[in-house]
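For reference, the chains in residue letters:
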Amino acid sequence: MFLKSDRIGEVNENKYGSEMQIEEYHGALDVWVRFDTGNLEHTTYYNFINGKVRSLYDSTVCEVGYIGKGKYKPSENGKATKAYSTWAAMLNRAYSEKYHSRNPSYKGVTVCKEWWNFQVFAEWFENNYYQIENEEMSMDKDILVKGNKLYSPDTCVFVPHRINVLFIARTRARGKLPVGVAFNKVAKRYQSQCANANSEIVPLGHYDTPEEAFLAYKIHKERVIKDVADEYKDKIPSRLYNALINWMIEIDD
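Residues numbered from 1 in each chain as written. Predicted model: local features only at pLDDT ≥ 70, side-chain atom pairs only at ≥ 80, totals over all residues. Heavy atoms only, no water.

Participant: Help me understand the nonpolar core in this model?
Facilitator: If you look at soluble globular proteins, the nonpolar side chains tend to sit buried side by side. One finds Met90, Trp115 and Ile236 to be the most contacted residues of the largest nonpolar core, which totals 50 residues. Looking at this core, the elements with two or more residues in it are helix 2 (82-95), helix 4 (118-128), strand 8 (137-140), strand 10 (157-160), helix 7 (210-232) and helix 8 (238-245). Here this core gets nine residues from one element, more than from any other, and that element is helix 7. Once you skip the residues sitting within four places of it in the chain, Trp115 turns out to touch Trp87, Met90, Val120, Phe121, Trp124, Tyr151, Ser152, Pro153 and Cys156. Listed in part, the nine residues of the second largest apolar core include Ile22, Val31, Val33 and Phe48. (Core = buried A, V, L, I, M, F, W, Y, C linked by side-chain atoms within 4.5 Å. Buried < 20%, exposed > 50% of the residue type's maximum accessible area, 1.4 Å probe, protein only. Helix = DSSP H or I, 4+ residues; strand = E, 2+ residues; numbered from the N terminus. Contact = heavy atoms within 4.5 Å.)

Following this line, the structure appears as structure tokens:
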């Protein structure tokens, strides 16, 4: 005769390789499982024997991200929270080969290990996210630290989309020429152009060399960035404002 106590102590591994053991068994639909990480999960015996029970510490997102134990929830009322959506998108940009095939500039990007834990990231998110009326907000990793490829508390900041687009590099469009420069086949000279603060393209003239054309772009672009920074000065974090007004455009950007 089968006794409920017979199943207490049974050990198995879930599909993520985490060891789990039945700690309480009150029937096939009421089972409590203890993972080797210490957390206790409620499940069914069917899910236990088939390895379908998830631990809060299983790397379920891009093979590195895990939910962790804490107060922050990945979803509410069946909808992903803003913190979770931001976290999952960040991990996807860093670790998804499919994403890299469409966006090769993200190859080599990583996320600091403490942010693999959703609870740690969500606490940072709660303390740093802000909203500007009628603005779409983005999490940026390379305005505070130019050329940065690490998502971390020291390198990331939330920015209005209008600021974020000022730093989008269109390397494919320009080829091997400096940023902001193209060769005009009709004029047989190098031309420079740059978007203004309202994303309108402003022609900056024709020049004999790529370097001269780039200099015109550099002067205009840095002025645009500073003007936008001053416009948002009282709405954005001071470290973002300081990064903007000190931003330098380099010929190899």
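Participant: Just to check I follow, could you spell out the side chain of Asn14 for this structure?
Facilitator: As for its placement among the helices and strands, Asn14 is situated in the loop between strand 1 (11-13) and strand 2 (19-25). Under the relative-accessibility criterion, Asn14 is labelled buried at 5%. Engagement of the side chain of Asn14 in a polar contact is seen with the backbone nitrogen of Ser18, the distance being 2.9 Å. Sequence-distant contacts of Asn14, defined by excluding residues within four places in its chain, comprise Met20, Phe35, Gly51, Val53, Arg54, Ser55 and Asp58. (Polar contact = N/O pair within 3.5 Å; in protein donor to acceptor, adjacent residues only side chain to side chain.)

Participant: I tried to follow the pairing of strand 2 on my own but got confused; where do I start?
Facilitator: Two faces, one strand: in a regular strand the side chains alternate between the faces of the sheet. Relative to strand 2, strand 1 is paired through three bridges, and the arrangement is antiparallel. For Val11, the partnering residue across the bridge sits in strand 2 and is Gln21. The antiparallel hairpin formed by strand 1 and strand 2 contains five residues in its connecting segment, where Gly17 sits at a positive phi of about 85 degrees. Between strand 2 and strand 3 (residues 31-35), which pair antiparallel and follow one another directly, the connecting turn spans five residues, one of which, Gly27, has a positive phi of 130 degrees. (Pairing = 2+ DSSP bridges.)

Participant: Sorry if this is basic, but what is going on with the pattern of salt bridges here?
Facilitator: Any two side chains of opposite charge can pair if their charged atoms end up close together. Using the criterion set out here, one finds seven salt bridges in the structure. Asp142 is the partner of Lys141 in a salt bridge, and the nearest nitrogen-oxygen pair spans 3.0 Å. With relative accessibility at 26%, the residue Asp142 sits in the partly exposed group. (Salt bridge = Lys/Arg side-chain N within 4 Å of Asp/Glu carboxyl O.)

Participant: Help me out: how do you make sense of the packing of helix 7 against helix 8 in this one?
Facilitator: As a packed pair, helix 7 and helix 8 sit with axes 8 Å apart at the nearest point and diverge in direction by 155 degrees. In terms of axis orientation, helix 7 runs roughly antiparallel to helix 8. Considering the relative orientation of helix 7 and helix 8, their crossing is left-handed. Across the interface between the two elements, Ile225, Lys226, Ala229 and Asp230 from helix 7 touch Tyr241, Leu244 and Ile245 from helix 8. Split into classes, the residues belonging to the contact of helix 7 with helix 8 amount to five nonpolar, no polar and two charged. (Axes fitted to C-alpha atoms, helices over the stretch in contact; angles between N-to-C directions. Parallel < 35°, antiparallel > 145°, perpendicular 65-115°, else oblique. Left-handed = near helix turned anticlockwise from the far one by under 90°. Nonpolar A, V, L, I, M, F, W, Y, C, P; charged D, E, K, R; others polar.)

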